[in-house]
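Analysis of the macromolecular model
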Amino acid sequence: MFRIFSWMKFKNRQFTDEKIIPYVFSLSDGPMLFRDLLKTNKMYQEGLKLEGKIPGFRLSIGRSYIVFIAVWHLILLPSSALFHKVLAKIDCHLLILMAILFTGMFFATYAIFKEYLIDTVALKIIRKAWENHFPHFDYDLHAKEVAKIYSEALEKEIPHKNMQLYILDKLVENK
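Heads up: these notes are all about the structure in this document. (Residues numbered from 1 in each chain as written. Predicted model: local features only at pLDDT ≥ 70, side-chain atom pairs only at ≥ 80, totals over all residues. Heavy atoms only, no water.)

1. Comments concerning unusual backbone geometry
So the rule is basically this: A helix here means a DSSP run of H or I that spans at least four residues, while a strand means a run of E at least two residues long, and both kinds are numbered starting from the N terminus. A simple rule labels every residue: compare its accessible area, found with a 1.4 Å probe on the protein chains alone, to the largest value its type can have, and call it buried under 20%, exposed over 50%, or partly exposed in between.
At Glu157, a residue that is not glycine, the phi angle is positive and equals roughly 55 degrees. One can find Glu157 in the loop between helix H6 (139–155) and helix H7 (160–174). Glu157 sits in the exposed class, given a relative accessible area of 68%.

2. Observations regarding the nonpolar core
Nonpolar side chains in soluble globular proteins tend to be buried together. Applicable threshold: What is meant by a nonpolar core is a set of buried Ala, Val, Leu, Ile, Met, Phe, Trp, Tyr and Cys residues, joined one to another through side-chain atoms within 4.5 Å.
Phe25, Leu38, Phe134 and Ile167 are the most contacted members of the largest nonpolar core, which has 42 residues in total. Those elements giving two or more residues to this core turn out to be helix H1 (12–24), helix H2 (34–46), strand S2 (57–59), helix H3 (61–82), helix H5 (92–133), H6 and H7. With 12 residues, the top contributor of residues to this core is H5.

3. Some points on the environment of Phe25
Quick reminder of the rule: A contact between two residues is defined here by any heavy atoms of the two lying within 4.5 Å.
With respect to the element layout, Phe25 can be found in strand S1 (residues 25–27). What makes Phe25 buried here is its relative accessible area of 4%. Between the C-alpha atoms of Phe25 and Ser64, which are 39 residues apart in sequence, the distance is 8.6 Å. Setting aside residues up to four positions removed in sequence, Phe25 forms contacts with Phe57, Arg58, Leu59, Leu117, Ile118 and Val121.

Below is the structure:
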């Protein structure tokens, strides 16, 4: 999965974090288990699809559609007002084809929007759990390393009760 908007640092991100995410998602107050953090971090670092695989949040599809339709109209209404005279003179057969194209674009961009929201919430949940389980290690510096160590631990069939000690030992050893 390609994280399209992960490189963007814009002011709307604050609006997204404060208004849209609490409206669209139900987040759990409980802490994430250590093994769930490791599994989720590994999936996130590998770019796998996260929907339905992360404990601690639930997406409200209806609310996500409401937010997406509002954003879609903020873009579509000014552009249709701008091109109204041109669109009024176009043949109706071409307008039908354009309607089909815009409907397809609507659902395709909704899928991208939904993935963006899920990735944003997943990263927020992972960072919160990271602060709980790895308070002395920065997430940005060590997330990929922990995912790699976790993969090695799974290959070596290390039991879950010894996993935290194994990963912390490897982190300290590599530092």
